[in-house]
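Structure assessment
This is what each chain is made of:
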2 protein chains.
Amino acid sequence: MQETEKIEIMNFDQEGYLADGKAAVEAGKKMAQIADRVADEGYDAVFLMGVGGTWDELMQLEYLMNKFGDKDLEVYLIHAAEWNVMGHKRMTERSVVLTASESGTTPEVLEAVKKLKQMGVRTFAMTKPEGPIGQAVGAENCIRMASNHGAGGCEMGYYLADCFGLRLLNRRGCFPKFDLFIEQTENVWAELLDMRKRFEPKAEEFARKYGLAPYTMFIGSGALWGETILFSMCILEEMQWKRTRYITSHDFFHGTLELLEPGVPVVLFKGEDECRALDNRVEAFLRSGKTGDEDYLIIDTAEYAIPGLDDDFRVIVSPWILSSLVTDRMAAYYETVTKHNLKYRRYYHQFDY
Amino acid sequence: MQETEKIEIMNFDQEGYLADGKAAVEAGKKMAQIADRVADEGYDAVFLMGVGGTWDELMQLEYLMNKFGDKDLEVYLIHAAEWNVMGHKRMTERSVVLTASESGTTPEVLEAVKKLKQMGVRTFAMTKPEGPIGQAVGAENCIRMASNHGAGGCEMGYYLADCFGLRLLNRRGCFPKFDLFIEQTENVWAELLDMRKRFEPKAEEFARKYGLAPYTMFIGSGALWGETILFSMCILEEMQWKRTRYITSHDFFHGTLELLEPGVPVVLFKGEDECRALDNRVEAFLRSGKTGDEDYLIIDTAEYAIPGLDDDFRVIVSPWILSSLVTDRMAAYYETVTKHNLKYRRYYHQFDY
């Protein structure tokens, strides 16, 4: 790490990030304690509930819990707005819900949380305890999001959610290395800082070349698919008003590939799970020269080592890595090129609808 | 219907379509027989497996089986390419798989079907019996797709899949009106023909106005969500090389709405299930005038009556209606405006990848 230590990260508070990381580790312990409480009480199914970005973020945990969980574990990713009108036939009083809201006010989540409380379903929220959603779930069921600034928000949100879900697995006998995982990731934040430094020139180059492109494609799969949506939709669409197309590595070949032509920027996020085989197929297609489209970038989380981390844990941290590189760094450089402030919105939070 | 009876449908063989409809009803009986066989033998879970368009088409059946099914029914929509690398922890020798392939050769489905056979999992395919996938599942497990031409392909595919899934529900005591449903939809094809005639001017008007737009948004939910993807991806992307953005009515408000601005065509597909409340919210936003975007079209399946059809069955036929209007008619008019033959591909089926 030595050589990159002094490198700046644009518009990024490195000390603040490391302090947030420490706070995340503490908050993670609370998440594991909540999981212990749930495991002690028993449960029939786990529901991960979000909207937009929080739905995207929880998707990796759904993936991980299905990957590492036993056959009898039921875990469902649900969208709060959809659940508000449809419900879910597998939800009972013995179920448990984990949700999140950075603003603490997300109307669809607030509505759902109030209903869940009436139904007597245990509900936990990663949000501000003082916000309406925090108030609705109650202080003992609320965990403050660790990040005080946006930059590390996603991967620290992943960390917290994973502490809950993986601990639940551990208590079922499914993820025996939970303690080792916590131990080995305690200082992961310094590594994620270092990856940011390494990625800085790539982020700048890509944003300069393609930040003004009218349409950009993002491809991902497996544990990275939620983050692929999050970056495309919550960052580039919502915060940059860029037209994007996100597509899974497997469905890319069933329609979307026809959109490739010279001048269409394509970014493939390569992960480290079973679905890497599907990413490889996309990569081979992009590299084949058959599309005439030379404007592709491949971001492979496997190129970002974390010394001392078990191979088994790579799949878990792969979305944290991707989030650090794109949802944080790529977004920052898009802003410098588009001159479009990431905080500006046309409609969202501007008026009721 | 009298007034519209003599109206032409552009590039559409009306007699051929009605003949296909009759064949679909016959094929539907076979699907129900297969469901009876499965119900007699027993099963632990139902897997609906596709890729691209077939995955999209089976999504409505997943929705319906969850909607009408009992709490213990397990039904999973899986993507063949993803299943090939990941498997599914709930699949056993007692499971049953329904898949489809119009070409009969889809490589990912063929690979999956061969594996399923080795695993001893009962697998049924809506495909050509003489194709590789038909051969792999065996003649007794294969149902020929009813449509001889593309125009009615989707809704007849929906019909066949529904005959299987709804019959399975019926045998569990969940969809008691199965026989009535079959009876009342026997002549639905004439109604779907009539709807095409009514929609013809709208399809032409929209395609003329927006067929050359650089980017078009499609919004849907519930039972119509699969068809929303199918039209956007399989028709407009694959067959017309148009840039599209499809988004659910619920997640639209979490990013994608920021893309609305004057000149961006938006199409909202309004359905007839619980999620209509979510569609209504989008409609109100579009009509609010706050976006300055006047270029929206609302296609509401509820405006297309089917005399004599039970209200309970509307949700089932809503994707058939939407498919008739857009995947068939809108596509036909796009072709006349873009001058881009629907059959032409850059890459798909052009070479191996």
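Keep in mind that this is a model prediction, so the values were computed, not measured.

**Quick look at the overall build of chain A**
A tally of regular secondary structure across chain A gives 11 helices and 9 strands. In summary, chain A has a C-alpha radius of gyration of 20 Å against a globular reference of 20 Å for 353 residues, a match within 12%. Taken along its principal axes, the extent of the C-alpha atoms in chain A is 55 × 50 × 40 Å. Residues classed as buried in chain A amount to 65% of the 353 residues present. Of the contacts made within chain A by residues no fewer than 6 positions apart, 78% connect residues no fewer than 24 positions apart. Summing over all exposed atoms, chain A offers an accessible surface of approximately 13,100 Å²; the carbon and sulfur share of this is 49%. Where the 40 positive side-chain charges of chain A centre and where its 56 negative ones centre are 2 Å apart.

**Here's the deal with the pattern of salt bridges**
Between side chains of opposite charge, a pair can form as their charged atoms come close. Applying the stated criterion across every chain, the model contains 54 salt bridges over all chains. A salt bridge links Arg346 of chain A to Glu261 of chain B, with the shortest nitrogen-to-oxygen separation between them at 3.1 Å. With Arg346 of chain A in the segment after α11 (314-338) and Glu261 of chain B in the loop between β7 (244-248) and β8 (266-270), this pair bridges two chains. You can call Glu261 of chain B partly exposed: its relative accessible area is 30%. Measuring nitrogen to oxygen at the nearest pair gives 3.0 Å for the salt bridge that ties Lys29 of chain B to Glu26 of chain B. Of this pair, Lys29 of chain B and Glu26 of chain B both sit in helix α1 (residues 14-41), 3 residues apart, which is roughly one turn of the helix. Overall, the relative accessible area of 45% leaves Glu26 of chain B in the partly exposed class.

**Points about the pairing of strand β1 (residues 46-50) of chain B**
Residues and elements named next belong to chain B. Along β1, 5 of the 5 residues are buried, which leaves the element largely enclosed by surrounding structure. With burial as the criterion, each face of β1 is covered, one bearing Val46, Leu48 and Gly50 and the other bearing Phe47 and Met49. Looking at chain direction, β1 and strand β2 (residues 75-79) are connected through 5 bridges and run parallel. The partner of Met49 across the bridge, within β2, is Ile78. Between β1 and its parallel partner β2, the chain crosses via helix α2 (residues 52-68), and the hand of that crossover is right-handed.

**Structural notes on the interface of chain A and chain B**
Taken together, the contact between chain A and chain B spans 60 residues of the former and 60 residues of the latter. Together, Lys89, His254 and Glu258 of chain A form the three largest contributors to the area buried by chain A at its contact with chain B, with a combined 15%. Between the two partners, chain A and chain B, sit 10 salt bridges. Between the two partners, chain A and chain B, sit 32 residue pairs in polar contact (both at pLDDT 80 or more).

**Let's talk about the side chain of Thr338 of chain B**
Its location among the elements puts Thr338 of chain B in helix α11 (residues 314-338). With residues near it in sequence (within four places) discarded, Thr338 of chain B still touches Gly211, Leu212, Gln240 and Lys242 of chain B.

**Some words on helix α4 (residues 107-119) of chain B**
Between the first and last C-alpha of α4 of chain B there are 18 Å, a value that for 13 residues agrees with the 18 Å anticipated at 1.5 Å per step. Its buried side turned inward, α4 of chain B meets α10 (276-287) of chain A together with β1, α3 (80-86), β3 (96-101), β4 (122-127) and α5 (132-137) of chain B. A positive backbone phi angle near 80 degrees is found at Gly120 of chain B, which sits one or two residues after α4 of chain B.

What counts, and where the lines are drawn
Residues numbered from 1 in each chain as written. Chains lettered and ligands numbered in written order. Predicted model: local features only at pLDDT ≥ 70, side-chain atom pairs only at ≥ 80, totals over all residues. Heavy atoms only, no water. Helix = DSSP H or I, 4+ residues; strand = E, 2+ residues; numbered from the N terminus. Rg over C-alpha atoms; globule rule 2.2 N^0.38 Å. Buried < 20%, exposed > 50% of the residue type's maximum accessible area, 1.4 Å probe, protein only. Contact = heavy atoms within 4.5 Å. Areas by Shrake-Rupley, 256 points an atom, 1.4 Å probe, with all protein chains shown as cover. Lys, Arg positive; Asp, Glu negative; His and termini not counted. Charge placed at Lys NZ, Arg CZ, Asp CG, Glu CD. Salt bridge = Lys/Arg side-chain N within 4 Å of Asp/Glu carboxyl O. Pairing = 2+ DSSP bridges. Right-handed = clockwise from strand over helix to strand, strands pointing away. Buried area = accessible area lost by both parts, 1.4 Å probe. Polar contact = N/O pair within 3.5 Å; in protein donor to acceptor, adjacent residues only side chain to side chain. Expected span 1.5 Å × (residues − 1).

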